[in-house]
Amino acid sequence: MRRRSIVGNWKMNGGLATLAELDGIAAAAGAAPDVDVAVAVPATLIAPAHARIPTLAIGAEDVHEADHGAHTGCLSAAMVKEAGASFTIVGHSERRGDQHETSHDAFMKAAAAHRHGLGVILCVGELQAERDAGRAERVVQAQIEKSLPDDAHADWLTLAYEPRWAIGTGRTPTLDDIATMHAIARAKLRQMVGDTALAMRILYGGSVTADNAARIMAVDNVDGALVGGASLTAAKFAPIIAAAHRGA
Ligand code: 13P
């Protein structure tokens, strides 16, 4: 059975004062030992977050594909690792949208992260217009095909299905739609990397809250959640971690 994973993504939110939230998040993680809990934070908070709670997996929200060089404002995988990150998100839909990143960029970033020993959460997901046009499945299959590194393995790579239109909107797909998309993602992974795909976790992301987390995680092939807004406070995030806990 795949261990569940609950990952917070703070996006461009939080500061030193917010790090106190990690205390409650770590406590919730401690009460759910069968769940892998992690939080991706703004780069400025990686080192202080890691110093505050060394036992909690802290991640970056993005890395550059190159190891070093003339890339003003960017951070390499080695840099965020040195700061204390153990993983990074790549291909988030906000970066695909706002920064015009492609699946090939995500592929290069995932490879760079792996080269430096970081875990990778690779995000895919369709836009509203693509879903309306009946293309959601094909879009996600193509994103996986173009962004999954050839040597992807369950030990270091987690896929996250995050439909763009569900992010920060309070809207989620139906449970049937989530089941369909996760089954398609699993089949695509299996076609590409073989049986390690069966051990790979596929997270759902997009307006996950304490109210819907248990229902969503009960869906086949949903191995946890990537949580934005509801990960910013322990009060909202802890119940999601608890919902992932299968029991003693
Ligand atoms: P919300 O949970 O705020 O919808 O964000 C989801 C997300 O983008 C996580 O990466």
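Going by the structure above, here's the rest.
None of these values were measured; they are calculated from a predicted model.

Visitor: Would you mind going over the nonpolar core in detail, with residue names and values included?
Guide: The biggest cluster of nonpolar side chains holds 66 residues, and the ones touching the most others in it are Ile 6, Leu 22, Ile 25 and Phe 237. Not counting the four nearest positions on each side in its chain, Ile 6 is found in contact with Val 35, Asp 36, Val 37, Ala 38, Met 217, Gly 224, Ala 225, Phe 237, Ile 240, Ile 241 and Ala 244. Cys 123, Ala 160, Leu 203 and Leu 226 belong to the second largest nonpolar core, which has ten residues in total.

Visitor: An account of the site of the ligand is requested, with residue identities and associated values reported.
Guide: Around the ligand sit 13 residues, and of these Lys 11, His 92, Gly 168, Ser 207 and Gly 229 come closest. Here Gly 229 contributes a backbone N or O atom positioned 2.8 Å from an oxygen atom of the ligand. Relative to its unbound accessible surface of 300 Å², the ligand loses 95% to contact with the protein.

Visitor: I'd like a description of helix H2 (residues 43–52), backed by residues and values.
Guide: Buried residues of H2: Leu 45, Ile 46 and Ala 49, and no others. Projected down its long axis, H2 shows its buried positions confined to an angular sector of 120°, all on one face. Facing away from the buried side of H2 by over 90 degrees, the exposed positions are Thr 44 and Ala 51. On its buried face, H2 is in contact with helix H1 (21–30), strand E3 (57–60) and helix H3 (77–83).

Visitor: Quick one: what's the story with the pairing of strand E8 (residues 224–227), residue by residue and with numbers?
Guide: Covered by surrounding structure in E8 are Gly 224 and Leu 226 together with Ala 225 and Val 227, the residues of both alternating faces. Bridge analysis of strand E1 (residues 4–9) against E8 gives four bridges, and the strand direction is parallel. Bridge pairing in E8 links Ser 5 to Gly 224. Here strand E7 (residues 202–205) runs beside E8; their pairing, made up of two bridges, is parallel. Opposite Tyr 204, over in E8, you have Ala 225 as the bridge partner.

Visitor: Describe the packing of helix H7 (residues 136–147) against helix H8 (residues 175–193), and please don't skip the residues or the numbers.
Guide: It is at 10 Å that the axes of H7 and H8 come closest, and there the two elements cross at 35°. With respect to the hand of their crossing, H7 and H8 are arranged in right-handed fashion. Only Thr 180, Met 181, Ile 184, Ala 185, Lys 188, Leu 189 and Met 192 of H8 make contact with H7, whose side of the interface consists of Ala 136, Glu 137, Val 140, Gln 141, Ile 144 and Glu 145. Grouping the amino acids of the contact of H7 with H8 by side-chain chemistry returns eight nonpolar, two polar and three charged.

Visitor: Report on the pattern of salt bridges, specifying residues and quantitative values.
Guide: Taken as a whole and assessed by the stated rule, the structure comprises 15 salt bridges. Here Lys 11 makes a salt bridge to Glu 94, at a shortest N to O gap of 2.8 Å. Of this pair, Lys 11 sits in the loop between E1 and H1 while Glu 94 sits in helix H4 (residues 93–98), placing them 83 residues apart in sequence. In this structure, the salt-bridge partner of Glu 145 is Lys 188, at a minimum N-O distance of 2.4 Å. Within this pair, whereas Glu 145 is found in helix H7, its partner Lys 188 is found in helix H8, the two being separated by 43 residues in sequence. Given a relative accessible area of 10%, Lys 188 falls into the buried group. Through salt bridges that share partners, Asp 62, Arg 95, Glu 101 and Lys 109 make up one connected network.

Visitor: Lay out unusual backbone geometry in plain terms, naming residues and giving numbers.
Guide: Of note, Lys 11 is a non-glycine position whose phi angle comes to about 55°, a positive value. You will see that Ser 207, though not glycine, has its phi angle at about 55°, which is positive. Topologically, Ser 207 is positioned in the loop between E7 and helix H9 (213–217). Taking the relative accessible area as the measure of exposure, Ser 207 reaches 16% and is therefore buried.

Visitor: Pulling in residues and values, what's your account of the environment of Val 139?
Guide: Within the element layout of this structure, Val 139 appears in helix H7. Counting along the chain gives twelve residues from Val 139 to Leu 127, while the straight-line C-alpha distance between them is 9.0 Å. The residues contacting Val 139, other than those within four sequence positions of it, are Glu 126 and Glu 130.

Criteria and cut-off values
Residues numbered from 1 in each chain as written. Predicted model: local features only at pLDDT ≥ 70, side-chain atom pairs only at ≥ 80, totals over all residues. Heavy atoms only, no water. Core = buried A, V, L, I, M, F, W, Y, C linked by side-chain atoms within 4.5 Å. Buried < 20%, exposed > 50% of the residue type's maximum accessible area, 1.4 Å probe, protein only. Contact = heavy atoms within 4.5 Å. Near = heavy atom within 4 Å. Polar contact = N/O pair within 3.5 Å; in protein donor to acceptor, adjacent residues only side chain to side chain. Areas by Shrake-Rupley, 256 points an atom, 1.4 Å probe, with all protein chains shown as cover. Helix = DSSP H or I, 4+ residues; strand = E, 2+ residues; numbered from the N terminus. Arc of directions from axis to C-beta. Pairing = 2+ DSSP bridges. Axes fitted to C-alpha atoms, helices over the stretch in contact; angles between N-to-C directions. Left-handed = near helix turned anticlockwise from the far one by under 90°. Nonpolar A, V, L, I, M, F, W, Y, C, P; charged D, E, K, R; others polar. Salt bridge = Lys/Arg side-chain N within 4 Å of Asp/Glu carboxyl O.

The analysis is restricted to geometry; functional conclusions fall outside its scope.
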